[in-house]
Structure formats: structure tokens, C-alpha cells
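Listed here are the chains, written in short residue letters.
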Amino acid sequence: MKKILLFTYLFCVALSINAQDLVTKIPKDAKAVVAIKGSNVTDLVSVAEFENSKIGKLFLKEMIKETDGRVSNINELGIDLKRDFYYFMISDSLSLKHNFLVPLKDKVGFEKLIPERQKKKIITDGDLSYFVDSYDNMVMMWNNNMLLMTMSQETYSDDYYGYNDYNVEELTEEVVVEAVEAYYPIMTFVERDHDFGTIIQGSVVTHSFEFTNTGDSDLVITDARASCGCTVPDYPETAISPGQSGEITVKFNSKNRSGSQYKTITLTTNTENGVEKLTINSYVNDEETIIEETEIEEAVIESTEVEIEETVIESTESYSNNDDYYENLRKEREAKKLIADKALVAYAKLTIQGNYANGSILKNSKYVKAIGNSKDEATAWIANLSSIYSDLLQQASYGLGPNYLGLYDGLQNFYGDMSLTSKLNFEKTQVSLKTIYTMNSDMAKYTEAMYNGKMNSNFFKFFNEDKMLGYFSVNMSTQGILEAYPEMMSKMFEGYEDDEVAAFVPIGMRILSLLIDEEGAAKILRGDMLFVLTEMKERELSYTTYEYDENYEREEVTKTKKETLPGFLMMLTSSEGDLFHQLMKIAVKESRGEVTLNANGIYQLNTNELPFALNVMFKNDAILIGTSFEDMVAIKNGKFNSKVGGKHKNLIKKNSSAIYVNGQEIASTFPREIMPNDFKEKIDFIAENTEDVIFKTGKVKKNAMEGEMILNTPEKGHNNSLAYFLNMITALMD
């Protein structure tokens, strides 16, 4: 019956999604998915409201500037803000692919955002338009319905260019040529090398290198330089269309030159390589008459044979060979890069089609169940944390192999089948970010043991909620941590390929477990802790510095300054009161006056490193450390006026950890005297329009932990919590 109900639920959720929703472009095996519900967001804050806000006006101003006035308002962007936006990540053995899906309502409107220089790179393929940024491993592709931006991030390099997952051809020469033609113009020369033969010193010779643009895009030559000032190249400054021809004219002046000459001309172009090279060579005779060819050969052989061998062969040819090596290396790298770009384009096309053999993410029951048909403004889902950790670890251990020393298998053992789901909701008077962390059975067992603490109820006798600015609580179990940690570490290193480590870790953890008395350690510190921020107060502090007299002699002086410092009380549970007092007596004896015991039975710590005195005592199975001596005396004598309501008691006791911040009180405590008037007004505004903030993490239930951040907002002056943020930004920017 449960399976039938689950199937019915998933089926209804899937049917409720519009067929045009871009979620259908996300593959079933996506590792992470983030969604922003466009209609939910625009229902909270309309486009007009955003454009009329301070930040909206700045956004429009910058957008008009960047587009040279082609776009003047948000509606002209061509983006459909009423539909949903998505990010998803997939991975293979070579890379992570980050994908952004943006709904479009007007392809032409979107293209107005593209700079003119970038438009030259746009390739049209049917109803698809796209361009590739090889440097950033990115492709941007769009049609009338959507925009896809995909970025590829390497995780492993040994087989970096083995892309065959998307019906991409093998790395053949034909594929490289095809890829080059698809992206770049091609300069096809009749010849790239020219020999002027023997010329008389002082003569000027000229040669034209003819070429044709055999590519599919315009050829642009931006510069031409020779390796010597004696050689001057001339090139066409206008674009050469596909199929058209042109010429590079090279003039060589042999004045003050003699012997063999070898010159290189480098063209800067928009071809695939970015540069094209030509060469000229000649032999310059320093005599005034032309020598017969046979005489030249004899003269060269007899008088310059050694020079030619040493200079031309050892220098020129060596240089040429070295240059050829790096040139070939560069071409190989660029060819592989072209194939990677081609694979990325093929992948992007497949994503836009969305015709996956295994179906879209809507066929993933875990995703559909986790996200549901909620009304949240944004959701995020990570399918398997172990897979994400492994991918990141592969990138960190770049080039060490897909399972370096078994680390990734260890992560799978430790974090396998662990997912994370987050939901962001802007309500009338609060913002809520809820996160559910689902674990495997082993991890849930360890986590539950570590966070199976019990908060000391005596803590609530030691503070007053009306006089606090916030608190931080941790409800852990020292005994649970010490019992779970050895087993957890042994589990993590199962399958580790380093035999010594694989053998040592379990042994070391077992020895640690035998040496430590978990129950005894828990008596010293049980694991529960509460830190209460009681005040932010301006205090006068003394500090030591140095001054120099007229003789440049250094003199130590004591000065005072005012600083705003926190007041707090920290409480830790311990049943070892006798041990506490014994340790503190040793501290009093050995600290040379920094630790003292006063008549009230309270220990005080005064050091130059601390801006205030710390008061320490033991009361009701609790170690108390605080800044207020008066409060400590009242607690010691049982006269402290405590007050803690059910809201805070439940938040502290029922959660593994909790943070509470009274934003209004904190803002109101900042000293106004030293502030400039405009800054003082902003602080006053914050104090008047800020409520409390809560961060909480629940205990483990059914292999899951749930955390939530809640930001409460004022009821008046704002239509909803998203509008509140917009209004706050506007007010603070004025």
C-alpha cells in the first residue's frame, strides 16, 4: 500500500510540471540540481518594483551602459522571469560539467546583451545559436525557448581528451580538420617558404606569398612582423571572405648583409593557431660582379664550409628544429583542445534536446520525493555527497589517478548514499532556509552517538533572556564521540591501497579506544555547552607602547583607549568539581598572579593578552566562565535573577546545536557617539528594522538531520520578507 501511495504521489508531482519547464533538460543521473522558481519570486517582488528600487536603478544603468543602449529595461532582456531557472552538475571520469538553464521568451532580445565583438564568434545551426570560449572551457547555446551555459572543469588529466560519451568521433586527422573549419578561417598558401637564391649585397628583393581563405569565416590579419629589420612585410588590412584570395608581400634589403640569410615572418591572425609563419632565405654576395654559379659553389664550399656548418646547421637548423618541436607540441595541444570543444558542443546540443535514454531528472524518484511540489522560491539537491567529495578530491589530487591510494573508495564507504536537500522560502514575516541531510545507516549511527547529548537544565538558572544579545549551544556527547570515532575512522580507511596505512589505522584506533576511559572522560566534560552573549559595552583599556625622547631614547608608556567589547557567560557540564578545584589551585600557585581566588570563591584570570578579566567558578555540575563579576557573585550566592522562556529552552534542549541572535538589541548597543551622522542613521535604521535570527540543527531521526535558518522580519513596512531585503538594501545605499 505504501508503494502505491508513493508512486501516486510521484506521478502527480511529475504531471504538475509544465512540459516547457526546463527541468526536463536535466538528466536523471545529475549529481546536483538547483532551482529558482521565477513565478514565485516575481509574485513577491514585481519587475517594476525591482526597477524602481535603488539597486534596480543601478542595475539598469549598468545594463544600458554595457549594451550601448540596446536594452533599456528588464523586459527587453528576452528572459522569461515567470519560468524556472536551473543549475545542474554532472560528471564523468574526466570532468565536472556545470550547467545553467535560463528560460527565454525572446531570442532576439537576449542577443542584444551580447557584445558586438562576441557576436562575430556566434555559430548558427538551424534554430540553435552558440559560441565557444576555449579558454574558459565554456559553451553558450540558445534557441527561442532557452539558454544553456555549460562549463567543463577538469578532474583528471591522463586521458583528458578521451571524449566519446556523446557520439563524438575518434581523434582522427579528418575530425581535427572538420573542427578547425567549423570554428576558424584557414590560410592556405601556395608556398610558405621562398628562396631568393644568390643576390648582390645592397640589392632589394621582393616576393608575394599568395593565399586563399579556405575556411568558413572571415579571415582577419592584425599584424605582420619579421625576425629582422631588413625584412618588411605588407599585408591586407581588410577582412578576407571565405573563398577569396590575398597576398603577403615581403621586401628584403640586403644592405650590410653577407652570406646565408634566413628570415621568419610572423602573421597575427584570427585563425585557429592565432599565428601563421612564412620564411625567406638567400645568399648575399659582397662582390660587385655576378659570379658564375659554379664559381659561387666553389667559393662557398672552399671559404665558408665551416661557417655554414657551424652557423647554419648548428644555429639556424638547431633553432629551426627546436622551434618545430614546440610548434608541433602547440599544434597537438590545440588539436586536442578543438576536440574537447567539439565534444562540449555535442554535449550542449544533447542537453537542449533533452532526449536522454534514461529520462530526465523527473524519472529520479529520490529527487522528486526530496523536492516535491513545494511553493519554495528556491531549492537545491545533491544526490550523493560521496560522489561530490570524490570529484573534488580528484581535482585536488590532480593527475594522481581516479582512485589515488583508495581515498575515493574510502569516501564512498564513509559518505555513500548521503544526500542533501535545501529549500529557501520567503514568507510574510520570515525567511526560512531548511536543509535535510540524509545519511547512510553507518554514518547515522556515528552521528547519533556523537550528538546524543543532554543539555544541563541548570544552565537556565544562570542567564536572563531579557538581558542577552544571543547564544550558541552545542548538545554533544563526549562519551559518544570517543566511542564512535575509532570505529568511524576504521570504516573510512577500509580498502585503502596503502597496506601500512590500512593496517595501522584500525590498530591505532583500537589502542586509542582501550586507553581512553570514555565514561570517565565524559565526567570531566560531558559535551553540552552554552555560550550566552550578554552585552556589547564600550570599555576603557590600558595598553603599553613606546615613545622616543629628543635623544631618540625609547621609553615604555602606558596609555588608554576605548573599545566596544563583548560580555559573555560560557557554561560547560562537568561532574568533577573536586578535579576542577584541584586544577585551579595549581593554576593560582603557578601562574605568578595571573590567576587568583577572591573571597567570594571565584577564580579570576588577568593577563595582558586579554582585554578583560575572566571569572571562573564551579556551580551545580557546571563550569562557568564569564566577564561579569557581579553576575558571577549573584550566581554563586543563589541570588541571580534568571529568566528563560519555553521558546529558548526548547531551542537549546531539543536540537544538536542552536544559534540565536537578537539583531535589534545588538544593533542598538553599538556606541553612537563616535559614529558619523550618516552612519549613525543607518545603524538606527537597522536597529528599528531588524528582528532575531535562528540557526538550528536537529537530532538524528530516521537517518536524517534537519537544519534550519530563520530570519524574522518586521510585520510593518514590507509586503513580504523578500521585499524587506530589497527595502533594506535601498535604505542602506541612500
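Residues numbered from 1 in each chain as written. Predicted model: local features only at pLDDT ≥ 70, side-chain atom pairs only at ≥ 80, totals over all residues. Heavy atoms only, no water.

Caption draft 1: The overall build of the chain, seen in detail. Along the backbone of the chain there are 21 helices and 28 strands. Taken over 734 residues, the chain has a buried fraction of 42%. Accessible surface computed for the chain: about 40400 Å², of which carbon and sulfur atoms make up 52%. (Helix = DSSP H or I, 4+ residues; strand = E, 2+ residues; numbered from the N terminus. Buried < 20%, exposed > 50% of the residue type's maximum accessible area, 1.4 Å probe, protein only. Areas by Shrake-Rupley, 256 points an atom, 1.4 Å probe, with all protein chains shown as cover.)

Caption draft 2: Region of the structure containing the packing of helix α4 (residues 54–66) against helix α21 (residues 721–733). Packing of α4 against α21 leaves a shortest axis separation of 7 Å and a crossing angle of 75 degrees. Relative to α21, the element α4 lies roughly perpendicular. Counting all contacts with α4, which are made through K54, I55 and L58, the residues of α21 involved are L726, I729, T730 and M733. When its residues are assigned to classes, the contact of α4 with α21 shows 5 nonpolar, 1 polar and 1 charged. (Axes fitted to C-alpha atoms, helices over the stretch in contact; angles between N-to-C directions. Parallel < 35°, antiparallel > 145°, perpendicular 65-115°, else oblique. Contact = heavy atoms within 4.5 Å. Nonpolar A, V, L, I, M, F, W, Y, C, P; charged D, E, K, R; others polar.)

Caption draft 3: How the structure looks around the packing of aromatic side chains. Applying the stated criterion across every chain, the model contains 14 aromatic pairs. Taken together through their ring pairs, the aromatic side chains of F110, F131 and W142 make up a single cluster. When the ring centre of Y347 is taken as origin, the NZ or CZ atom of K97, which lies over that ring, is 5.5 Å away. One Lys or Arg, R554, reaches over the ring of Y546 and ends 4.1 Å from the middle of that ring. (Phe/Tyr/Trp six-rings, centres within 6.5 Å; stacked < 30°, edge-to-face > 60°. Lys NZ or Arg CZ within 6 Å of the ring centre and 35° of its normal.)

Caption draft 4: Quick peek at the pattern of salt bridges. All chains considered together, the criterion is met by 14 salt bridges. The closest approach of N and O atoms between E276 and R192, which form a salt bridge, is 2.9 Å. Residue E276 is found in strand β15 (residues 275–285), and its partner R192 is found in the loop between β8 (187–189) and β9 (193–200); the two are separated by 84 residues along the sequence. Since its relative accessible area comes to 10%, E276 is described here as buried. (Salt bridge = Lys/Arg side-chain N within 4 Å of Asp/Glu carboxyl O.)

Caption draft 5: Structural detail: the sheet that holds strand β11 (residues 221–226). Read from one edge of the open sheet, 4 strands run β9-β15-β14-β11, paired in mixed fashion. With one partner strand each, in any of the chains shown, β9 and β11 form the two edges of the open sheet. Shown here is a sheet whose adjacent strand axes are inclined to one another by a mean of 20 degrees, direction ignored. As defined by bridge partners, β11 adjoins strand β14 (residues 259–269) across 5 bridges and the pair is classed as antiparallel. Looking at β14, one finds that D223 is bridged to T268. (Pairing = 2+ DSSP bridges.)

Caption draft 6: Geometry of the packing of helix α12 (residues 441–450) against helix α13 (residues 478–492). At a closest axis distance of 8 Å, the pairing of α12 and α13 adopts a crossing angle of 155 degrees. If you check the angle between α12 and α13, you find them roughly antiparallel. The handedness of the crossing between α12 and α13 comes out as left-handed. Facing D442, K445, Y446, A449 and M450 of α12, the residues of α13 in contact are G480, I481, A484, E487, M488 and K491. Partitioned by chemical class, the residues of the contact of α12 with α13 number 6 nonpolar, 1 polar and 4 charged. (Left-handed = near helix turned anticlockwise from the far one by under 90°.)

Caption draft 7: Summary view of the sheet that holds strand β12 (residues 231–234). On the basis of which strands lie adjacent, the open sheet formed by 4 strands has the order β8-β10-β13-β12 and antiparallel pairing. Since the sheet does not close on itself, it has two edges, and those belong to β8 and β12, each with one partner. For this sheet, the mean angle separating the axes of adjacent strands, direction not counted, is 30 degrees. Across 3 bridges, β8 lies against strand β10 (residues 204–213) in antiparallel orientation. From the neighbouring strand, F189 faces β10, where its bridge partner is F211.

Caption draft 8: Highlighting helix α18 (residues 646–653). Here α18 has its buried residues at H648, L651 and I652. Considered in projection along α18, the buried side chains sweep an arc of 95 degrees and stay on one side of the axis. Buried-residue contacts for α18 involve β19 (470–475), β20 (528–548), β26 (655–662) and β27 (692–698). (Arc of directions from axis to C-beta.)

Caption draft 9: View of a nonpolar patch on the surface. A cluster of nonpolar side chains, namely I55, L58, I729 and M733, defines an oily patch on the protein surface of about 290 Å² accessible area. Elements that contribute at least two residues to the nonpolar patch include exactly α4 and α21. (Patch = residues over 30% accessible without salt bridge, like charges linked within 9 Å, V, L, I, M, F, W, Y side chains within 5 Å.)

Caption draft 10: Local environment of the pairing of strand β16 (residues 378–382). Pairing between strand β1 (residues 32–36) and β16: 5 bridges, direction antiparallel. When the bridges of β16 are listed, A32 appears paired with I382. With 5 bridges connecting them, β16 and strand β17 (residues 419–426) associate as antiparallel partners. Note that in β17 the partner of I382 across the bridge is L420.

Caption draft 11: The arrangement of the pairing of strand β3 (residues 95–103) in detail. Along β3, 8 of the 9 residues are buried, which leaves the element largely enclosed by surrounding structure. As paired elements, strand β2 (residues 85–91) and β3 share 6 bridges and run antiparallel to each other. Each residue of the ladder has a partner; that of M89, found in β3, is H98.

Caption draft 12: Structural detail: the side chain of R83. As for its position among the elements, R83 is in the loop between α4 and β2. Buried R83, no salt bridge; nearest opposite-charge side chain is D80, N-O distance 4.0 Å. Reaching out from R83, the side chain makes a polar contact with the backbone oxygen of L104 at a distance of 3.3 Å. (Lys, Arg positive; Asp, Glu negative; His and termini not counted. Polar contact = N/O pair within 3.5 Å; in protein donor to acceptor, adjacent residues only side chain to side chain.)

Caption draft 13: Focus on the environment of M476. Along the chain, the position of M476 falls in the loop between β19 and α13. M476 sits 22 residues away from K454 along the chain, and the two C-alpha atoms are 7.5 Å apart.

Caption draft 14: Looking closely at the nonpolar core. Among the nonpolar cores identified, the biggest contains 28 residues, and I26 and V33 are the most heavily contacted of them. Those elements that provide at least two residues to this core are β1, β2, β5 (128–133), β6 (138–142), β7 (146–154), α8 (293–353) and α9 (365–371). Here the element with the most residues in this core is α8; it accounts for 5 residues. When sequence neighbours within four positions are dropped, the list of residues in contact with V33 reads I26, Y86, Y87, F88, I361, Y367, T379, A380 and W381. (Core = buried A, V, L, I, M, F, W, Y, C linked by side-chain atoms within 4.5 Å.)

Caption draft 15: Local environment of a negative patch on the surface. On the surface, E210, D234, E237 and E247 cluster together to form a negatively charged patch. Mapped onto the elements, E237 comes out in the loop between β12 and β13 (245–253). (Charge placed at Lys NZ, Arg CZ, Asp CG, Glu CD.)

Caption draft 16: Broad picture of unusual backbone geometry. Phi at D68 takes a positive value of approximately 55 degrees, unusual for a residue other than glycine. Among the structural elements, D68 can be located in the loop between α4 and β2.

Caption draft 17: Molecular detail of a positive patch on the surface. A grouping of K454, K649, K653, K654 and K701 is seen on the molecular surface, where their side chains present a positively charged patch. Looking at the secondary structure, you find K649 in helix α18.

Caption draft 18: Representation of the side chain of S360 in the model. Within the element layout of this structure, S360 appears in the loop between α8 and α9. When neighbours within four sequence positions are excluded, S360 is seen to be in contact with V23, T24, I26, P27 and K28.

Caption draft 19: Quick peek at α4. Helix length check: α4 (13 residues) gives 19 Å between terminal C-alpha atoms against 18 Å at 1.5 Å per residue, within 8%. If you follow the buried residues of α4, they end up packed against α3 (47–52). (Expected span 1.5 Å × (residues − 1).)

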